[in-house]
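Structural features, examined
Here is how the chains run, residue by residue.
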Amino acid sequence: MSAAGPDAGAGRPDVEFLVEAVGRRLPRPLAFDAGADGTGPVDGHPLAAEVRALRAGGSASLPWLTGEGYAWFTLAPSHEDLRRAVADLRAWVFPSLGWEDRIRPIVRPGQETGALGARLIAVSPAGYLRWHTTRKGGERVMGRLLQMRRLDGRRPVHRSASRPGLFELRHRFQIALGVGDRAAAEAALKAIDVGQLDGAANTGFMRMRLLTAFGDDAEVVSDPDLPMLLQMRLPTRVRSAVLAAHHRRLLGPLEASGHLADALRLYLVDLDDLLGDQIDAVAADQPDEDPCVVRLVAYRHARRGDKAALARMAEAEPADQVLRQLLASLAPTDADGPTEGGTAAEIGAPAAASGPPLPAATERPAPQVEAVREPTAVAEAADRPTLGWAGLYDAFRGQRWDEIDAFLSRHQDAAPTFEGGLADAPSTSPEEVADALLEVSTSPDLPSGAAVNERFDRLVQVAVELGAPARPRPEFRAVYAALLALLVERRRGQLVKQDGVLVLVLAGAVLAVGGPEGADEAVSALRSWWAAMRVRSRLPWLLEALDLLSETVVVDGSPEAEAATSLWVDGVDLIRRDATGVMPGEIAHWRRLGARLGFDAPTLVDQLGDADAAGAASAPDPLRDLPVRRVAIVTLLERAANAAREELVERTDADILIVCEHVACAATDTARSADVILFAYGVNTHAVYRAFDGVRDRLEYVTGRGASSIVMALERWASQRRL
């Protein structure tokens with residue numbers, strides 16, 4: 001229904017003419033006198049709410065008494081408002097209590113006839129709907145419209161100005177860097193910092209990226225938090241950016257003016273202790289192609305007296321005179337490796353440092369470099385260390401699919417621990433995992449296409465198993481939040497049941513360990529998932545989402561309570577329009593949730609029918625005489641599985657098998673022979689999921705986590721087989 005301001009149409013001649021004409025034409029005792037001051041009808045009249053809505057400039061339906069009953073017209077201020085009003089009528093009135101005009105239900109501008117039609121178009125410029133009821137049915141419709149208004153009045157107003165979450169802010173940050181909008185990048189970073197949405201280290205890393213992206217090397221070098229950040233394991237891009245900024249700001253000008261001895265001395269005195277560990281990490285991870293970083297590596301080798309390493313660098317970069325002069329500066333008697341006593345600090349000014357100015361690091365001719373590096377590409381790939389989470393962004397950017405595939409296979413094939421996560425995961429910090437996911441998913445400079453999407457989906461699955469959201473742990477809070485935001489962003493427009501289950505599990509994990517901020521993130525994610533596709537096939541998912549919210553975060557008057565109430569109204573409205581496939585057990589669950597959310601008994605009866613009458617007229621138990629011999633329940637939550645089995649053994653003669661395993665084993669082999677496999681996708685491992693390759697046609701995915709979800713999944717499966 002439209003939300004026009006109060007009294008937006010009050011006093012308009014066309015509106016008042018219609019109200020007065022309708023009131024005088026109604027039979028007694030429904031007739032009313034609008035009055036010269038536009039006060040009628042009085043409160044309590046079944047059409048009072050419709051008249052108020054019309055005078056307020058919103059949509060409304062008014063009757064016109066005819067010899068055969070009532071001819072109704074539904075008016076609205078815009079085409080979109082008219083569309084919503086028609087949809088409401090099809091849910092509340094049509095076809096049981098009324099019917100649309102069989103000749104011309106929608107009257108568009110120019111199609112109206114007579115003086116009354118002209119008045120109607122003047123009030124409803126986008127057109128109006130014509131429909132009919134009998135005289136007796138019309139009085140029932142007036143009561144139904146009043147109930148519709150009352151329920152709509154209880155629908156909470158959607159808060160469009162919600163606080164953005166970490167994923168959205170980091171996405172804004174990445175886009176701002178990509179388009180060169182420093183103000184937007186700083187605003188996103190400030191929002192993350194002020195809201196304490198991320199750790200101090202991650203915020204510091206983002207600040208370094210911002211400064212280097214806009215060439216503010218002076219700010220990087222003088223940043224007061226830099227010494228603290230350099231004590232940590234930096235993401236590859238941040239490390240390269242910080243090192244390159246130091247070279248450009250401090251060493252590059254000395255090199256360009258021909259004062260290599262002063263540059264080396266500055267590095268030895270001021271930079272080696274500060275940057276040495278990070279420079280070593282460059283070679284430990286993978287070769288860096290930034291010429292500024294390459295030169296810092298050369299200074300590090302000179303500091304250690306590693307003539308052999310410098311010789312290899314000079315051979316690979318024949319056009320870089322700085323590398324050659326640093327090599328020449330080492331004494332001829334130096335060993336071909338790092339020395340214990342003789343270092344560049346003992347050498348003094350390099351003999352080859354005098355002469356004409358040296359070319360800047362950024363002026364290195366690209367063709368010669370490529371010609372030298374190309375023959376050694378295979379060797380460099382062979383020498384490159386095993387890919388980890390911190391290097392994933394660079395691997396995706398470089399399209400190093402073999403390394404990425406090896407990383408994914410290594411993690412997916414690893415045996416999971418019983419505490420959740422993977423056997424080789426203890427050395428991986430959750431923050432590193434979350435940062436890798438956000439970098440790969442939000443960066444605008446990554447390639448696109450099927451190869452990237454398929455590997456990213458596998459990466460998400462690896463992160464899910466690593467974090468084990470079915471048994472949430474506080475230290476993995478950042479991983480859960482990142483995965484939830486990514487999944488909603490990428491998959492909300494698809495009707496893949498497994499994705500919906502995973503959204504619920506991740507939202508539950510964020511609610512469990514995320515505190516108040518986690519509640520905001522989870523509610524926002526659930527609303528976004530539902531709003532993307534408000535269709536009947538997602539009703540079981542919405543039921544589980546409301547169950548999750550009502551049991552965890554709903555407090556009367558809170559934003560979460562408003563969100564849950566609005567979602568419940570949405571779901572019930574969809575059921576009223578088309579209840580096909582909605583089982584009696586699910587209707588009962590909707591009724592219980594409505595009561596939990598504060599709806600009174602008359603509202604529940606009006607929306608979902610009388611529970612006693614529904615029970616007396618309900619269809620037979622869909623599980624009675626179930627034509628199966630064995631049902632398998634596959635979930636890691638053994639308590640829920642046992643509770644579901646206790647109910648199922650009373651309702652069916654089938655053998656109920658429970659599988660609570662982390663890897664494929666004899667139990668999963670036995671479950672493969674079941675007639676139906678109730679698979680709790682969100683609380684199982686990928687290894688167990690793969691154990692059912694070849695029998696996926698017998699999988700029925702369990703939407704939630706509890707016993708009722710398992711039972712309802714089997715009821716849905718049985719009902720579909722009987723259609």
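As the structure is a computational prediction, the values presented were derived from the model and not from experiment. Starting from 1, residues in each chain are numbered consecutively following that chain's sequence as written. The model is predicted, so local features are restricted to residues of pLDDT at least 70 and side-chain atom pairs to those at 80 or more, both for listing and for counting; the totals for chains, interfaces and linings are taken over all residues. Processing note: side-chain calculations cover all non-hydrogen atoms of the structure and skip hydrogens and water entirely.

Section: the pairing of strand β5 (residues 128-133)
The condition is simple: Should DSSP find at least two bridges between two strands, the strands are taken to pair. Only runs of H or I of at least four residues qualify as helices and only runs of E of at least two qualify as strands under DSSP, and these elements are numbered from the N terminus.
In the sheet, strand β2 (residues 70-75) pairs with β5 via 5 bridges, with the strands oriented antiparallel. Among the inter-strand pairings, phenylalanine 73 is bridged to a residue of β5, identified as arginine 130. Direction of pairing for strand β3 (residues 99-100) relative to β5: antiparallel, over a ladder of 2 bridges. By the bridge assignment, glutamate 100 is partnered in β5 with tryptophan 131. Where strand β4 (residues 106-107) and β5 come together, 2 bridges link them in antiparallel fashion. Looking at the pairing, isoleucine 106 lines up with leucine 129 of β5.

Side note on the packing of aromatic side chains
For any pair of aromatic rings, the description consists of the separation of the ring centres together with the inter-plane angle of the planes. Put simply, the test is: Each Phe, Tyr or Trp ring, with Trp reduced to its six-membered ring, pairs with another whose centre is within 6.5 Å; inter-plane angles below 30 degrees give stacked pairs, above 60 give edge-to-face pairs, and intermediate values give tilted ones. Counted as over-ring charges are cases with an Arg CZ or a Lys NZ within 6 Å of the ring centre that also lie within 35 degrees of the ring normal.
Overall, the coordinates contain 11 aromatic pairs when judged by the stated rule. Linked through ring pairs, Tyr70, Trp72, Phe94 and Trp131 together constitute an aromatic cluster. Its guanidinium or amino end placed over the ring of phenylalanine 17, arginine 119 lies 4.1 Å from that ring's centre, counting from NZ or CZ. Above the plane of the ring of tyrosine 689 lies arginine 696, whose end atom (NZ or CZ) is 3.9 Å from the centre.

Let's talk about the confidence of the model for the protein chain
Filter applied, for reference: Per-residue confidence from the predictor is reported as pLDDT, a score between 0 and 100. Should any heavy atoms of two residues lie within 4.5 Å, those residues are counted as being in contact.
Here the protein chain averages 78 in pLDDT, and 82% of its residues register 70 or above. Long-range and interchain partners of residues 345-359, a stretch whose pLDDT sits below 50, account for 29 contacts in this model, where long-range means more than four residues apart. Within the model, pLDDT remains below 50 along residues 415-426, and this stretch shows 30 contacts once partners closer than five positions in the same chain are excluded.

Some details on helix α4 (residues 114-123)
Keep this limit in mind: Working definition: with a 1.4 Å probe on protein chains only, accessible area under 20% of the residue-type maximum means buried, over 50% means exposed, and in between means partly exposed. Of all possible arcs, the one meant is that of the directions from the helix axis to the C-beta atoms.
Restricting attention to buried positions, one finds in α4 the residues Gly117, Leu120, Ile121 and Val123. Seen along its axis, α4 keeps its buried residues to an arc of 160°; they face one direction. Packing partners of the buried residues in α4 comprise α1 (13-25), α2 (48-55), β2, β4 and β5.

Observations concerning the nonpolar core
Condition: Buried Ala, Val, Leu, Ile, Met, Phe, Trp, Tyr and Cys residues that are joined via side-chain atoms within 4.5 Å together make up what is termed a nonpolar core.
Formed by 115 residues in total, the largest nonpolar core has its most connected members in Trp389, Trp568 and Trp590. If we skip the residues at most four places from it in the chain, tryptophan 568 touches Leu546, Trp590, Leu593, Gly594, Leu597, Phe599, Leu604 and Leu608. Core analysis: the second largest hydrophobic core is formed by 50 residues, Leu166, Phe173, Phe205 and Ala298 among them.

Section: the pairing of strand β7 (residues 655-659)
Filter applied, for reference: Crossovers are marked right-handed if the path from the first strand over the helix to the second runs clockwise, as seen with the strands pointing away from the viewer.
Here strand β6 (residues 630-634) pairs with β7 via 5 bridges, running parallel. Its bridge partner lying in β7, isoleucine 633 is registered against isoleucine 658. In this region the chain leaves β6, passes through helix α31 (residues 638-651) and returns to the parallel neighbour β7; the handedness of that crossover is right-handed.

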